[in-house]
Amino acid sequence: MTAGAYRTLDVPVAGGELRVGVWEPQGAEDPDAAPAVLLIHGVTASHLSWPLVAERLPFARVIAPDLRGRGRSNGLEGRAGLDTHAADLVAVLDALGVQRAIVVGHSMGAFVALVLGDLYPDRVSRIVLVDGGLPLDLPDGLSPEGTIKLVLGPTAERLAMRFASVDAYLDFWRAHPAFRRDWSPALEAYLAYDLVGQEPHLRPATSYATLEEDSIDQNSGTAIADALARLRHPTVLLTAERGLLDQVPPLYGEDRLPGLLAAYPGLEHVPVPDVNHYTIALSDRGADAVASVVREHARIPADTTQD
């Protein structure tokens with residue numbers, strides 16, 4: 001399988017322009033008539049988190065932005081927060097002439113997906129949460145800095161690092177336990193895209209200030225609780241077997257997941273074996289699972305032999 005023709009565009013939003021990747025459906029005379037799938041990446045990621053999923057949806061119109069403060073959208077001015085991301089995504093759908101989309105969010109993107117569906121229900125048909133979207137188990141009274149350290153840890157610390165070359169950044173990630181079994185050309189392209197600046201002072205693109213604002217909103221505000229209480233659309237939760245460091249327990253382990261699912265009975269749950277929090281999107285195994293759920297809910301065929 002290969003993805004349809006890929007292109008990028010810049011969409012005007014409050015404070016600047018949002019970079020958006022689009023994979024058009026294969027062989028479609030009218031791409032606008034194809035099912036639309038909106039993919040929302042994680043907290044320090046970009047739209048290049050998604051090519052492995054996009055290539056498994058060849059008959060859909062796959063739309064994936066760099067959220068403000070990330071990737072090539074990292075220069076946007078103004079406030080962030082989940083409601084701002086939701087408004088940005090509506091602007092993306094408007095720019096592409098999409099009335100309604102299946103929305104897939106990974107990690108922080110899952111929280112954004114819920115808020116998008118809650119604030120703009122007519123623009124969303126279904127929601128797929130990929131190892132995110134449900135409240136995290138945080139101690140009471142944490143400061144904003146403490147929240148970020150506990151939730152993101154080394155992920156946030158990486159934003160302050162500098163790298164002499166793209167190869168040095170790739171070597172940094174080769175040592176990460178999450179990717180020991182899943183190094184690939186798609187992963188290398190995703191990581192190389194993450195860098196901005198000039199050698200020997202390359203740095204990750206994500207704005208720490210935006211990350212901080214989003215993390216505080218996600219973990220301290222009421223938007224997620226409100227969205228889950230209303231849950232206006234059919235919603236599926238995919239959970240990874242292991243966590244950010246390829247460890248057990250995962251983000252949503254057996255100690256918490258049954259209680260969360262009981263609290264939100266409208267959720268359908270699909271466990272994804274043999275993946276971690278990263279490789280649920282950035283590996284063939286994970287992309288197979290995500291795309292399979294999307295195809296089932298959108299009735300999108302996997303290949304030309306299907307009706």
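This text goes with the structure placed above it.
Notes on the structure in this doc start here. (Residues numbered from 1 in each chain as written. Predicted model: local features only at pLDDT ≥ 70, side-chain atom pairs only at ≥ 80, totals over all residues. Heavy atoms only, no water.)

Comments concerning the overall build of the protein
Defined as follows: Strands here mean DSSP runs of E at least two residues long; helices mean DSSP runs of H or I at least four residues long; both are numbered from the N terminus. This radius of gyration counts C-alpha atoms alone. The globule rule is 2.2 Å times how many residues there are, raised to the power 0.38. Three exposure classes are used, based on accessible area relative to the maximum for each residue type with a 1.4 Å probe and protein chains only: buried under 20%, partly exposed in between, and exposed over 50%. The criterion used for residue contact is that any of the two residues' heavy atoms lie within 4.5 Å. Every accessible area reported is derived by Shrake-Rupley at a probe size of 1.4 Å, with residue values counting cover from the shown protein chains alone. All tallies of charge rest on Lys and Arg as positive and Asp and Glu as negative; His and the ends of each chain are not included. Here the site of a charge means atom NZ of a Lys, CZ of an Arg, CG of an Asp or CD of a Glu.
Of regular secondary structure, the protein possesses 11 helices and 10 strands. The C-alpha radius of gyration of the protein comes to 18 Å, within 12% of the 19 Å expected for a compact globule of 307 residues. Taken over the C-alpha atoms alone, the protein extends approximately 50 × 45 × 40 Å along its principal axes. By residue count, 54% of the 307 residues in the protein fall in the buried class. Residue pairs at least 24 apart in sequence account for 73% of intrachain contacts in the protein once pairs closer than 6 positions are excluded. Element-wise, carbon and sulfur atoms account for 51% of the exposed surface of the protein, whose accessible area totals about 12900 Å². Of the charged side chains in the protein, 25 are positive and 41 negative, and the gap between their average positions amounts to 0 Å.

What about the pairing of strand 3 (residues 36-40)?
Condition: By definition, two strands form a pair when at least two bridges between them are found by DSSP.
Among the five residues of strand 3, five are classified as buried, and the element is accordingly described as predominantly covered. Of the two faces of strand 3, the one lined by A36, L38 and I40 and the one lined by V37 and L39 are each fully buried. By the bridge criterion, three bridges tie strand 3 to strand 4 (residues 61-65) in an arrangement that is parallel. Across the sheet, A36 pairs through a bridge with R61, a residue of strand 4. Examined bridge by bridge, strand 3 and strand 5 (residues 101-106) share four bridges and lie parallel to one another. The residue bridging I40 from the neighbouring strand is G105, located in strand 5.

Thoughts on the environment of P135
For P135, the location among the structural elements is in the loop between strand 6 (124-130) and helix 4 (144-151). Residue P135 is classed as partly exposed on the basis of its relative accessible area, which comes to 29%. In this structure the C-alpha to C-alpha distance between P135 and Y252, which are 117 residues apart in sequence, comes to 9.6 Å. Non-local contacts of P135, meaning those with residues more than four positions away in its chain, are made with L228, Y252, R256, L260 and Y264.

Overview of empty space enclosed by the protein
Short version of the rule: Grid points spaced at 1 Å over the protein atoms alone were grouped into cavities, where a 1.4 Å probe fits but cannot get out, and pockets, open sets with protein on both sides within 12 Å along at least five of seven lines, with lining residues defined by an atom within 4 Å of a point. Grid points are joined across faces, edges and corners, and a volume is the space filled by probe spheres set on the points.
In the structure shown here, the tally under the stated rule is two cavities of 30 Å³ or more. Here the largest cavity is characterised by a volume of approximately 380 Å³. Lining the largest cavity are 30 residues, and of these V43, S107, L152, L244 and H277 lie nearest its centre. With three residues, helix 8 (residues 208-220) is the largest single contributor of residues to the lining of the largest cavity.

A short note on the packing of aromatic side chains
For clarity, the cut-off: Within 6.5 Å between ring centres, the rings of Phe, Tyr and Trp (the latter by its six-membered ring) count as paired, and their orientation is classed by plane angle as stacked under 30 degrees, edge-to-face over 60, tilted in between.
Scanning all chains against the criterion turns up nine aromatic pairs. Ring centres 5.0 Å apart and planes at 35 degrees place the aromatic pair Y6 and W23 in the tilted group. Taken together, the residues span a long stretch of sequence, with Y6 in strand 1 (residues 6-13) and W23 in strand 2 (residues 16-23) at a distance of 17 residues. Owing to a relative accessible area of 41%, Y6 belongs among the partly exposed residues under this scheme.

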